[in-house]
Structures are given as C-alpha cells and as structure tokens.
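Okay, here's what each chain looks like letter by letter:
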Amino acid sequence: MGPSREPSLRAHGPLEPATLFFPTFTVLVMMDEIAYERLETITEEDLLKIHRAAAKGQHRGGGVRNWPRFRALTEDLRRAAAERRPLIDIMADVFDDIERDPQPFVECNHRTAMHLGLFLAKQFGQRLRYSDRAGEKLREEWERMTKAQLRKWISDHLVPLEGD
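In this report, the structure presented in the accompanying data block is examined. Given the structure is predicted, the values throughout are model-derived calculations rather than measurements. Residue numbers restart at each chain and count upward from 1, following the sequence in its written direction. Reporting of local features is limited, given that this is a predicted model, to residues whose pLDDT is at least 70; pairs of side-chain atoms are given and counted only at 80 or more, and all residues count toward the totals for whole chains, interfaces and linings. Neither water nor hydrogens contribute to the side-chain values; these are computed over all heavy atoms in the structure.

## Describing the overall build of the protein
So, point 1. Helix and strand definitions follow DSSP, with helices as H or I runs of at least four residues and strands as E runs of at least two, each counted in order from the N terminus. Helix and strand counts for the protein stand at eight helices and two strands.
So, point 2. Each helix (α) and strand (β) of the protein, taken in turn from the N terminus, gives the series α-α-α-α-α-α-β-α-α-β.
So, point 3. Here's how the labels work: a residue is buried when its accessible area is under 20% of the maximum for its type, exposed when over 50%, partly exposed in between, all with a 1.4 Å probe on protein chains only. Looking at the protein residue by residue over its 164 residues, the buried ones come to 36%.
So, point 4. Any two residues having at least one pair of non-hydrogen atoms within 4.5 Å are treated as being in contact. Residue pairs in contact within the protein that sit at least 24 positions apart in sequence constitute 76% of those at least 6 positions apart.
So, point 5. Using a 1.4 Å probe, the Shrake-Rupley method yields the accessible areas, and only the shown protein chains count as cover for residues. Total accessible area computed for the protein in this model is approximately 10,400 Å², and 54% of it derives from carbon and sulfur atoms.

Below is the structure:
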C-alpha cells in the first residue's frame, strides 16, 4: 500500500502565519453551511428577540401587527436557507418583506430589518457596515427602491467580519 494522497500538515511543517488568520476556501464554505443550517431552524421567537432588541428604547415599543406577514417572513428565511440562496439575495428579500406594506411589526420595522440584516451578515462571517447617514438615506429611499437596488446597497455595505 502506497503513501496516502491526503495532504498532511505534518509533512509540510507548521502553518504559515497567513494561514492562521485568513480562512481557506474550505473553511469559508463550511462556515456558510453552518449559517444555512442555523437559518433553516430560525424560529418566530428568534425573530421576535431581534425585533425587541431593535425596538428597545424606541417609540412605544414593538410587537407584531400582521401575524401572517410575520410568519411568512420566518418561512421565507427557512426556505431561502434550504435553497442555499446567496446572502445578498436573502438580505434583500428580508429588507423588502419587512419594510414594505403590509409591515409585520407595529413599529421599528426599519430598525428590525437592519438588525436582522446585521444578524444574517454575522452568521455568514460578514458585517453590514454603514454610517448613520447611509442608514437614514436608505430609510428615506427604501420604499422606492427595487430589489436590484437593495441588493446593490447591501453589496456595497457588506464586508468581511475581520475587515473592520
């Protein structure tokens, strides 16, 4: 029996310093798979926790206004994860589902969408990075934006977690 064709770290010596800090393609794929598995199991309670965090200290509080729309949001997230849709598409759909009428929450729909976007990005090893002004500008233009424009905005503001 000949030597194994499997790569061996011992055969190549210690890991190079760059390898310790920059994930390999395989690791990134594995991280995405874990993120998709997490989203496949997201619950209504998970979304309510995100909404409560977004609504904390704002207005009169939160709560669900439109339960069918809220439940559809949960199902849409699970379905998108099961289909392994790209993160940017998932986020654009979430932004669209939450911000457009009929809105699922009593108040803080924009803040909830942004908090959920931050949550989703983090699950995939990314960060949604934007200034207060950029967030306000998005809020002003959101209702008139197409999904393609939302995807572009997200793409322009999505950075690797270690890139901040």
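## A look at the nonpolar core
One recurring pattern in soluble globular proteins is that nonpolar side chains are buried together.
So, point 1. We define a nonpolar core as any set of buried Ala, Val, Leu, Ile, Met, Phe, Trp, Tyr and Cys residues linked to one another through side-chain atoms lying within 4.5 Å. Among the nonpolar cores identified, the biggest contains 35 residues, and Val-94, Phe-95 and Leu-120 are the most heavily contacted of them.
So, point 2. Those elements giving two or more residues to this core turn out to be helix H2 (25-40), helix H3 (44-55), helix H4 (67-82), helix H5 (87-99), helix H6 (109-123) and helix H8 (147-157).
So, point 3. Element by element, the count of residues in this core is highest for H5, at seven residues.
So, point 4. Dropping the residues within four chain positions of it, Val-94 is found in contact with Leu-73, Leu-77, Leu-116 and Leu-120.

## What to know about the packing of aromatic side chains
So, point 1. Paired rings are identified among Phe, Tyr and Trp, the last through its six-membered ring, by centres lying within 6.5 Å, and are further divided according to the angle between planes into stacked (under 30 degrees), edge-to-face (over 60) and tilted (the rest). Inspection of the entire model under this criterion finds five aromatic pairs.
So, point 2. With a centroid separation of 5.0 Å and an interplanar angle of 80°, the aromatic rings of Tyr-36 and Phe-124 are classed as edge-to-face. With Tyr-36 in helix H2 and Phe-124 in the loop between H6 and strand S1 (126-128), the pair connects residues that are 88 residues apart, well separated along the chain. Each member of the pair, Tyr-36 as well as Phe-124, carries the same accessibility label: buried.
So, point 3. Ring geometry for Phe-95 and Trp-142: centres 5.0 Å apart, planes at 55°, overall tilted. A residue pair is termed long-range when its members are at least 10 positions apart, and Phe-95 in helix H5 and Trp-142 in the loop between helix H7 (132-141) and H8 qualify at 47 residues.
So, point 4. Since its relative accessible area comes to 0%, Phe-95 is described here as buried.
So, point 5. Classification of Trp-142 by relative accessible area gives buried; the value is 0%.
So, point 6. Members of the aromatic cluster, each reached through a chain of ring pairs, are Trp-67, Phe-70 and Phe-105.

## Some words on the packing of H5 against H8
So, point 1. For every element, the axis is a line fit to its C-alpha atoms; helices are fit only across the contacting stretch, and the angle between N-to-C directions ranges from 0 to 180 degrees. For the pair H5 and H8, the least separation of the axes is 9 Å and the interaxial angle reads 120°. With respect to H8, the axis of H5 lies oblique. At the point where H5 passes H8, the crossing takes the right-handed sense. Facing H5, whose interface residues are Ile-88, Asp-89, Met-91, Ala-92, Asp-93, Phe-95 and Asp-96, H8 presents Lys-147, Leu-150, Arg-151, Trp-153, Ile-154 and Ser-155.
So, point 2. A breakdown of the residues in the contact of H5 with H8 according to their chemical character gives seven nonpolar, one polar and five charged. Oblique is the label for any angle not under 35 degrees, not over 145, and not in the 65 to 115 range, which are roughly parallel, roughly antiparallel and roughly perpendicular in turn. Note on convention: the crossing is left-handed when the near helix lies turned anticlockwise from the far helix by less than a right angle, right-handed when the turn is clockwise. Following the grouping adopted for this structure description, the nonpolar residues are Ala, Val, Leu, Ile, Met, Phe, Trp, Tyr, Cys and Pro, the charged ones are Asp, Glu, Lys and Arg, and the polar ones are all others, Gly among them.

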